[in-house]
Amino acid sequence: PGEFSRRGFDAGKMDLTQVEGLADLLAAETTAQRQLALEQMDGKLGQALERWRKDLIRCLAHTEAVIDFGEDEGIADAVAEEVRAEVQRVRAEIQACLGEQGGGEPTHMSTAGRFRSCGELIREGVRVALIGPPNAGKSSLMNELAGREAVIVSSTGDREITSNRPPGPLEIDPQDPLK
């Protein structure tokens, strides 16, 4: 974004995910993009990443302690099992955040998965082409979806000419597309 964001990041006032959220907010063209960027700027993703980092460092420390002292104290198996369970829990949380199932396949059921699968769709948008025969109503459909005269159709004698100018980003409510 800019110098003030850099200063905030350097001073520890913002983490990298918040700076990225600010960049997304500045580039947002739709309400959904702005909402997603504000959620990222809120710091929830950064907080989750920091929590996972601390949990994994703790697991590493316990593992090193078992390697160094486990046989002497007879605690190796119990601590190893606790570490294994903790790593599996962190892994499951990360997979849920990424919108993945156990096998690494994307799932659209995860609320936390909005950070990746849904978030990418909102951030990047979807390109759509309306294809069909002449006079099938493609321009009328586009104008209806846009809620304005986005595609200009002009008649010249016996044929209609449609401008090829794209109407720009359209925000369509999935619950009511013609709203």
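The following paragraphs examine the structure supplied in this document. (Residues numbered from 1 in each chain as written. Predicted model: local features only at pLDDT ≥ 70, side-chain atom pairs only at ≥ 80, totals over all residues. Heavy atoms only, no water.)

Moving on: a nonpolar patch on the surface. Judged by side-chain polarity, Val126, Val128, Leu130 and Leu141 come together as a nonpolar surface patch covering roughly 370 Å² of accessible area. Position of leucine 130 among the secondary structure elements: in the loop between helix H6 (117–124) and helix H7 (138–146). (Patch = residues over 30% accessible without salt bridge, like charges linked within 9 Å, V, L, I, M, F, W, Y side chains within 5 Å. Areas by Shrake-Rupley, 256 points an atom, 1.4 Å probe, with all protein chains shown as cover. Salt bridge = Lys/Arg side-chain N within 4 Å of Asp/Glu carboxyl O. Helix = DSSP H or I, 4+ residues; strand = E, 2+ residues; numbered from the N terminus.)

Those residues of helix H3 (residues 31–41) that sit buried are Gln33, Leu36, Ala37 and Gln40. Axial view of H3: buried residues confined to an arc of 100°, hence all on one face. Of the residues flanking the end of H3, it is glycine 43, one or two places downstream, whose phi is positive at about 95°. (Buried < 20%, exposed > 50% of the residue type's maximum accessible area, 1.4 Å probe, protein only. Arc of directions from axis to C-beta.)

On to the packing of helix H2 (residues 16–27) against H3. Where H2 contacts H3, the axes come no closer than 7 Å and their chain directions differ by 160°. With respect to their mutual orientation, H2 and H3 come out roughly antiparallel. You can see that H2 and H3 cross each other, and the crossing is left-handed. For the pair formed by H2 and H3, the contact residues are Thr17, Gln18, Glu20, Gly21, Leu22, Asp24 and Leu25 on the first element and Arg34, Ala37, Leu38, Gln40 and Met41 on the second. Residues that form the contact of H2 with H3 fall into these classes: five nonpolar, four polar and three charged. (Axes fitted to C-alpha atoms, helices over the stretch in contact; angles between N-to-C directions. Parallel < 35°, antiparallel > 145°, perpendicular 65-115°, else oblique. Left-handed = near helix turned anticlockwise from the far one by under 90°. Contact = heavy atoms within 4.5 Å. Nonpolar A, V, L, I, M, F, W, Y, C, P; charged D, E, K, R; others polar.)

Turning our attention to the side chain of glutamine 40. In this structure, glutamine 40 sits in helix H3. Here glutamine 40 falls in the buried class, since its relative accessible area comes to 10%. A polar atom in the side chain of glutamine 40 sits 3.0 Å from the backbone oxygen of threonine 17. Sequence-distant contacts of glutamine 40, defined by excluding residues within four places in its chain, comprise Thr17, Gln18, Glu20, Gly21, Asp24 and Arg123. (Polar contact = N/O pair within 3.5 Å; in protein donor to acceptor, adjacent residues only side chain to side chain.)

All right, on to the pattern of salt bridges then. Evaluation of the coordinates by the stated rule reveals 11 salt bridges. The salt bridge partner of glutamate 3 is arginine 7, with a shortest N-O separation of 2.5 Å. One end of the pair, glutamate 3, and the other, arginine 7, are both in helix H1 (residues 3–10), four residues apart, so they sit about a helical turn from each other. A relative accessible area of 49% means that arginine 7 is categorised as partly exposed. Where aspartate 10 meets arginine 6, a salt bridge forms, and the shortest distance between an N and an O atom there is 3.4 Å. Taken together, the residues span about one helical turn, with aspartate 10 and arginine 6 both in helix H1 at a distance of four residues. The pair formed by aspartate 10 and arginine 6 is uniform in burial state, with each residue classed as exposed. Each of the salt bridges in this network shares a partner with another, and the network as a whole consists of Arg51, Asp55, Arg58, Glu86, Arg89 and Glu93.

To continue, consider the nonpolar core. Counting residues in hydrophobic clusters, the biggest one holds five residues: Leu45, Ala48, Trp52, Val90 and Cys97. Sorting elements by how many residues they give to this core places helix H4 (residues 44–73) first, with three residues. (Core = buried A, V, L, I, M, F, W, Y, C linked by side-chain atoms within 4.5 Å.)

Attention now moves to the environment of threonine 17. Tracing the backbone through its elements, the reader meets threonine 17 in helix H2. Once residues within four sequence positions are removed from consideration, threonine 17 is found in contact with Gln40, Leu45, Gly46 and Leu49. For threonine 17, the side chain forms a polar contact with the side chain of aspartate 15, separated by 2.6 Å.

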